[in-house]
Amino acid sequence: MNFDFSDEQKFLKGEARKFLEANCPTSRVRKVLDDDGKAFDEELWKAVAGQGWLGATIPEEHGGLGLGHLELCVIAEELGRVVAPIPFASTVYFLAEAVMLAGDEAQKAELLPKIAAGEVIGAVATSEGPGVISPGALQSTVEGGKLSGVKIPVTDGDIAAVALVLAKENGKPGLYLAELDASVTREAVSTLDPTRDAAKLTFNQTPVRRLGAAGEGFDLLEQIFDRAAVLLAFEQTGGADRCLEMAKEYALERYAFGRVIASYQAIKHKLADMYVKNELARSNAYYGAWALNTNAPELPVAASAARIAASEAFWFASKENIQTHGGIGFTWEMDCHLYYRRSRQLSLVAGAPRVWKERLVSHLERRNAEAA
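Residues numbered from 1 in each chain as written. Predicted model: local features only at pLDDT ≥ 70, side-chain atom pairs only at ≥ 80, totals over all residues. Heavy atoms only, no water.

Student: Would you explain the packing of helix α7 (residues 217-253) against helix α11 (residues 353-371) in this entry?
Tutor: When two helices pack together, their arrangement is given by the angle between their axes and by how far apart the axes lie. Relative orientation of the contacting elements α7 and α11 amounts to 110 degrees, with a least axis distance of 13 Å. As the angle between them shows, α7 and α11 are arranged roughly perpendicular. Seen from above, α7 lies across α11 with left-handed handedness. On α11, the residues touching Glu222, Phe225, Asp226 and Ala229 of α7 are Trp356, Arg359 and His363. (Axes fitted to C-alpha atoms, helices over the stretch in contact; angles between N-to-C directions. Helix = DSSP H or I, 4+ residues; strand = E, 2+ residues; numbered from the N terminus. Parallel < 35°, antiparallel > 145°, perpendicular 65-115°, else oblique. Left-handed = near helix turned anticlockwise from the far one by under 90°. Contact = heavy atoms within 4.5 Å.)

Here's what the structure looks like:
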């Protein structure tokens, strides 16, 4: 059995890399980081939309390319390599996937073409503060089609036009589409990675439309998060691989005591550990990609494993990349911190690794119980 990408998918990956290397150098990432009033790179966003990537998995009848999730996975990996400062994940991995999964025909016809064209930026608003969100702890409410409540932090919440919101109606949790209009108060939230915007959203009788049936909010959210977890894993794997490349390149050109530092055992072990974690993450990401593309029943387990391995690999690689560079690796002028920032940001999107570890154990226990 072949678990590798096809020649066409490898070609897409190569072309995506060429495009991003030309259009998203780290100088553009730094421009967003340095400018307090700049939430994302609008020019890059338009260019990515022009490539059709925002609609990669959106059906052709709704303005997309009609490709599979495998193609989106290779695009996600390349975006991770350049730490692209655009709201791609919030819009494509979450909003578009949610609408395609649970939206009715009217919702699909209205939103999917705008997403594919880059006219709508999305956000997912589930968290209401510290701790894991649960049906009993959910405070946001919907009455008469109007939403009230507070969500924090919301990635890309300060720039999004539409948010996917978890709230309860008549005591039952549901997922809702909310237009972020004047009834929504937005407050910027400072994070370790300012190249990905975050905000506190306060909804005050905001009109909403429900996705799926009443009371299905948490079930739908788990399905959406499983899909997003695989795509995020590829983005994290791309970033981790780039960190390893940066560390290797520096180790082969930096001399200490008359020898390149790559010849020292301590550096060799550091790079070897990065490689092992990266390959483990890639293996789990491939398993997740297969499960996602085939809608296999193993998806919850595969997504959890991919999410855990990729989060660990990206954090470890970004940290060890700084250490390999030595004292200069900690400076603003080096690019190492860009990847460390993004590794921390991505590890918290859709739940921290400890949440996914608990989900993995729960799914495995349930699977074993059903097999017994």
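Student: Please explain the packing of aromatic side chains as it appears in this structure.
Tutor: Aromatic rings considered in pairs are described by the distance between their centres and by the relative angle of their planes. Per the stated rule, a full pass over the model turns up 8 aromatic pairs. Taken together, a centroid distance of 5.7 Å and an interplanar angle of 80 degrees make the contact between Phe88 and Tyr93 edge-to-face. Across this residue pair, the class does not change: Phe88 and Tyr93 are buried. Judged by centre distance (6.1 Å) and plane angle (20 degrees), the ring pair of Phe234 and Tyr286 falls under stacked. Of this pair, Phe234 sits in helix α7 while Tyr286 sits in helix α8 (residues 265-294), placing them 52 residues apart in sequence. For the pair shown, Phe234 and Tyr286 are each scored as buried. A connected cluster of aromatic rings, assembled from ring pairs, spans Phe5, Phe234 and Tyr286. Lying across the ring of Trp315, Lys319 places its NZ or CZ 5.1 Å from the centre. Above the face of the Trp356 ring, Arg359 is positioned so that its terminal group lies 4.3 Å from the ring centre. (Phe/Tyr/Trp six-rings, centres within 6.5 Å; stacked < 30°, edge-to-face > 60°. Buried < 20%, exposed > 50% of the residue type's maximum accessible area, 1.4 Å probe, protein only. Lys NZ or Arg CZ within 6 Å of the ring centre and 35° of its normal.)

Student: Even after reading the chapter, I still don't get the pairing of strand β1 (residues 122-125), so can you show me in this structure?
Tutor: Burial along β1 is two-sided: the residues Gly122 and Val124 and Ala123 and Ala125 are all buried. Note: β1 against strand β4 (residues 162-169), 4 bridges, orientation parallel. Bridging across to β4, Ala125 finds its partner in Val165. (Pairing = 2+ DSSP bridges.)

Student: It is not clear to me how unusual backbone geometry should be interpreted in this structure. Could you clarify?
Tutor: Most peptide bonds take the trans configuration, and most residues that are not glycine carry a negative phi. Omega for the peptide link from Ile152 to Pro153 comes to -10 degrees, which places this bond in the cis form. Residue placement: Pro153 occurs in strand β3 (residues 146-155). Of note in this structure, Val83 is not a glycine but carries a positive phi near 40 degrees. Positive phi values are uncommon outside glycine, yet Asn170 reaches one of about 55 degrees. Looking at where Asn170 falls in the secondary structure, it is placed in the loop between β4 and β5 (172-179). Its relative accessible area of 73% is what places Asn170 among the exposed residues.

Student: What is the right way to read the pairing of β4 from this model?
Tutor: When a strand is regular, its side chains alternate between the sheet's two faces. Here β4 lies mainly inside the structure; 6 of its 8 residues are buried. Relative to β5, β4 is paired through 8 bridges, and the arrangement is antiparallel. Within β5, the residue paired with Leu164 across the bridge is Leu177.

Student: Even after reading the chapter, I still don't get the pattern of salt bridges, so can you show me in this structure?
Tutor: Pairing between side chains of opposite charge can happen when the charged atoms of each approach one another. One pass over the full model with this rule turns up 25 salt bridges. Each of Arg17, Glu78, Arg81, Arg242, Glu245 and Glu249 takes part in salt bridges that share partners, so that together they form one network. (Salt bridge = Lys/Arg side-chain N within 4 Å of Asp/Glu carboxyl O.)

Student: Even after reading the chapter, I still don't get the environment of Glu365, so can you show me in this structure?
Tutor: Note on placement: Glu365 falls in helix α11. Accessibility expressed as a relative area gives 52% for Glu365, which makes it exposed.

Student: Help me understand helix α9 (residues 299-325) in this model?
Tutor: Each full turn of the α-helix corresponds to 3.6 residues, which orients residues three or four apart in the same direction. The end-to-end C-alpha distance of α9, which contains 27 residues, comes to 38 Å, matching closely the 39 Å that a straight helix rising 1.5 Å per residue would cover. With respect to burial, α9 is a largely interior element, 22 of its 27 residues being buried. Where α9 terminates, the next one or two residues include Gly326, which has phi positive at roughly 75 degrees. (Expected span 1.5 Å × (residues − 1).)

Student: It is not clear to me how the state of the cysteines should be interpreted in this structure. Could you clarify?
Tutor: Note on terminology: a disulfide is the covalent bond linking the sulfur atoms of two cysteines. The tally for this structure, following the rule as stated, stands at 0 disulfides. Between Cys24, a free cysteine, and Cys243, which holds the nearest cysteine sulfur, the sulfur-to-sulfur gap is 15 Å. Cys243 supplies the cysteine sulfur nearest to Cys336, a cysteine that is in no disulfide, at a spacing of 7.7 Å. (Disulfide = S-S within 2.5 Å.)

Student: Even after reading the chapter, I still don't get the packing of α7 against α8, so can you show me in this structure?
Tutor: One way to put it is that α7 packs onto α8 with a least axis distance of 9 Å and a crossing angle of 155 degrees. Taken together, the axes of α7 and α8 lie roughly antiparallel to each other. At the point where α7 passes α8, the crossing takes the left-handed sense.

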